[in-house]
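Residues per chain are reported as follows:
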There are 2 protein chains.
Amino acid sequence: MQIAISTAGLHPAMPAMTEPHATLRGEARAMGSARSYGKDEEVYGEGDKASWYFKVVSGVVRTCKILSDGRRQIDAFHVAGDIFGIERGETYRCSAEAVGEATVIAYRRCSLEVLAASDSVLARQVVATTLLSLERAQDHMILLGRKSAAEKVATFLLAMAERVHEDAIELPMSRSDIADYLGLTIETVSRTLTQLERDAVIALPMARRTIVLRNKSALRRLNA
Amino acid sequence: MQIAISTAGLHPAMPAMTEPHATLRGEARAMGSARSYGKDEEVYGEGDKASWYFKVVSGVVRTCKILSDGRRQIDAFHVAGDIFGIERGETYRCSAEAVGEATVIAYRRCSLEVLAASDSVLARQVVATTLLSLERAQDHMILLGRKSAAEKVATFLLAMAERVHEDAIELPMSRSDIADYLGLTIETVSRTLTQLERDAVIALPMARRTIVLRNKSALRRLNA
DNA sequence: CGCTACTTTGATCATACTCAAGCCGAGTGG
DNA sequence: CCACTCGGCTTGAGTATGATCAAAGTAGCG
């Protein structure tokens, strides 16, 4: 049995710096190498041999699955400090792409396995990293399965705001990414945001990638 | 940082016996104790102190999250051999209940942490168990976010059949459990099954907990 | 038997999707 | 500097999928 990588990483819910996997001991020794990607560039594809795992340095990386007819579900957005690409099997089960410009450090999977065997602190960090991904996946499942469009968007906005500790959010991703993350269409995302603006819950400046939260308690009420 | 327990365990997708966590080394030493539960009895509740983790011996256990207004999402059904209840934090983030009569072995969480620190094989099994739960959660997210009712039911039936290696499935869970697992209502589950029967894809004997798969390739086509 | 819980079926409704058009800002080139 | 295009976003109209509300079967079990 192998230890490898494909964490369904982050919700935008927690400040990345406090994440337990912010630094995995042994990474320096493991000789990680930096890589940069442009917007929508692929870090790896579903089915590729999972020889590396990654830590985000800057920018945002999305991991997603695609159905045969093109329908897409984004598992997670990974921000600075997040680890992604740890797999149990030989291949990646999600694809990973840069949302905008992004830099990551790549670590050889084999070095993780070797090190973890001799370094119990590292091993437990790998467990914690994976468990964190699992927690986020669990939260995301109830969102996808049981929340309304308005509730999904509210949850998303609150999580994004929590990440940056501010009420003005600079969204790194497009409406299309948001839709595929929340299990909606771009039209529904757009209409829901417009409705929230009408209700004075948020403000949508001309630069549509910015969203200002005006009434957080209203959002929390929607958060269910 | 702690290593603990709340795996979003199993899909019905794999034969339990081949799971990497079927036996975690050190469990015997860890002095697990057997516990039995009746239908719908709670193994633990969301928010309880996560002092134990569990392995299913017989029966089925569901883990789920509930929204404030009662909407429920079932994360996973756990069958014989599956581990559940491993948490990163101090408390359980899902509740766990027996679907029918079920027996589990409870292990103290602290013994897992102590043992894993000294036993790298056990540590890596914990990682693999958690990664498996994560894989299942990822598959479930695309189902919840992007599949139609018919596709959800087809995926579910194929996964259940795969688990028992037979085309006649004895469902351990009610329509209500299926609905809350698939993000549907019981009416939609029922109607979808009826429609599949009309299309001669499945048969629904009088005992409604049994379902016979008549046309697996039709189901696979729906599986998307 | 007759209750109870579970499931199915029916009718109606609402949420979110689809298809289509229009808007706006950023970039490009005349 | 303006006209054009292109991509991303918004808006509108109509629809469909699945939810809701309500009732009737059916099985299991005392």
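Structural data are supplied above this passage.
Residues numbered from 1 in each chain as written. Chains lettered and ligands numbered in written order. Predicted model: local features only at pLDDT ≥ 70, side-chain atom pairs only at ≥ 80, totals over all residues. Heavy atoms only, no water.

> What should I look at first to understand the protein's contact with DNA strand C in this one?
Neighbouring residues of DNA strand C: 18 residues in total, closest A:Ala149, A:Thr188, B:Arg175, B:Ser190 and B:Thr194. Close to the protein, within 4 Å, the atoms of DNA strand C are drawn from sugar and phosphate at a rate of 70%. Between DNA strand C and the protein, one listed contact pairs a phosphate oxygen with a backbone N or O atom of A:Ala149 at 2.7 Å. A:Thr188 is positioned with one of its side-chain polar atoms (N or O) 2.3 Å from a phosphate oxygen of DNA strand C. (Near = heavy atom within 4 Å. Polar contact = N/O pair within 3.5 Å; in protein donor to acceptor, adjacent residues only side chain to side chain.)

> Before we go on, may I ask you to explain the sheet that holds strand β4 (residues 61-66) of chain A in this structure?
Within a sheet, each strand pairs with its neighbour through backbone hydrogen bonds, oriented either parallel or antiparallel. Residue and element names in this part refer to chain A. What the four strands build is an open sheet, ordered β2-β7-β4-β5; its pairing is antiparallel. Two strands in the sheet have a free side with no partner beyond their single neighbour: β2 (42-44) and β5 (72-78). Taken pair by pair, the neighbouring strands of this sheet meet at an average axis angle of 30°, ignoring direction. Relative to strand β7 (residues 95-98), β2 is paired through two bridges, and the arrangement is antiparallel. (Pairing = 2+ DSSP bridges. Helix = DSSP H or I, 4+ residues; strand = E, 2+ residues; numbered from the N terminus. Axes fitted to C-alpha atoms, helices over the stretch in contact; angles between N-to-C directions.)

> Help me understand the protein's contact with DNA strand D, please; the structure alone is not making it clear to me.
In the vicinity of DNA strand D lie 17 residues, with A:Arg191, A:Thr194, B:Ala149, B:Thr188 and B:Met206 positioned nearest. The sugar-phosphate backbone supplies 67% of the atoms of DNA strand D found within 4 Å of the protein. A:Thr194 has a polar side-chain atom sitting 2.6 Å from a phosphate oxygen of DNA strand D. Within the side chain of A:Arg209, one N or O atom sits 3.1 Å away from a phosphate oxygen of DNA strand D. Every element with two or more residues in the surface near DNA strand D is listed here: α5 (186-198) of chain A together with α5 (186-198) of chain B. Of the residues forming the surface near DNA strand D, the biggest block, four residues, is contributed by α5(A). Within the surface near DNA strand D, the residues separate by chemical class into three nonpolar, seven polar and seven charged. (Nonpolar A, V, L, I, M, F, W, Y, C, P; charged D, E, K, R; others polar.)

> Sorry, what's going on with the interface of chain A and chain B here?
Counting residues at the interface gives 54 residues for chain A and 54 residues for chain B. Between chain A and chain B, a total of about 4800 Å² is buried, with carbon and sulfur atoms accounting for 63% of that surface. By the criterion of area lost to chain B, the three top residues of chain A are A:Arg88, A:Met141 and A:Arg146, representing 18% of everything that side buries. Scanning the region where chain A abuts chain B turns up twelve salt bridges. Inspection of the region where chain A meets chain B yields 20 residue pairs in polar contact (both at pLDDT 80 or more). Looking at the side of chain A that touches chain B, the elements that each hand over two or more residues are β4, β5, α1 (109-118), α2 (120-146) and α4 (175-182) of chain A. Taken together, the residues of the side of chain A that touches chain B break down into 25 nonpolar, 14 polar and 15 charged. (Contact = heavy atoms within 4.5 Å. Buried area = accessible area lost by both parts, 1.4 Å probe. Salt bridge = Lys/Arg side-chain N within 4 Å of Asp/Glu carboxyl O.)

> Honestly, the packing of aromatic side chains in this entry has me stumped. Any pointers?
Centre-to-centre distance and the angle between the planes together describe a pair of aromatic rings. Residue and element names in this part refer to chain A. Applying the stated criterion across every chain yields a total of 14 aromatic pairs over all chains. Joined through ring pairs, the aromatic side chains of Tyr-44, Phe-54, Phe-84 and Tyr-92 make up one cluster. The lysine or arginine in question, Arg-35, covers the ring of Trp-52, its NZ or CZ lying 4.7 Å from the ring centre. When the ring centre of Trp-52 is taken as reference, the NZ or CZ atom of Arg-108 above it lies at 4.4 Å. (Phe/Tyr/Trp six-rings, centres within 6.5 Å; stacked < 30°, edge-to-face > 60°. Lys NZ or Arg CZ within 6 Å of the ring centre and 35° of its normal.)

> Before we go on, may I ask you to explain the environment of A:Ala200 in this structure?
All names here are of chain A. Residue position: Ala-200 is located in the loop between α5 and β10 (202-203). Look at Ala-200 and you get partly exposed, because its relative accessible area is 44%. Between the C-alpha atoms of Ala-200 and Leu-213, which are 13 residues apart in sequence, the distance is 9.0 Å. Discounting chain neighbours no more than four positions away, the residues touching Ala-200 are Arg-214 and Asn-215. (Buried < 20%, exposed > 50% of the residue type's maximum accessible area, 1.4 Å probe, protein only.)

> Would you explain the packing of α4(A) against α5(A) in this entry?
When two helices pack together, their arrangement is given by the angle between their axes and by how far apart the axes lie. All names here are of chain A. Contact geometry of α4 with α5 gives a least axis separation of 8 Å together with a crossing angle of 100°. Here α5 runs roughly perpendicular to α4, going by the angle between their axes. Contact residues: Arg-175, Ser-176, Ile-178 and Ala-179 in α4; Ile-186, Val-189 and Leu-193 in α5. Here the contact of α4 with α5 is composed, by residue class, of five nonpolar, one polar and one charged. (Parallel < 35°, antiparallel > 145°, perpendicular 65-115°, else oblique.)

Purely geometric stuff here, so don't read any function into it on its own.
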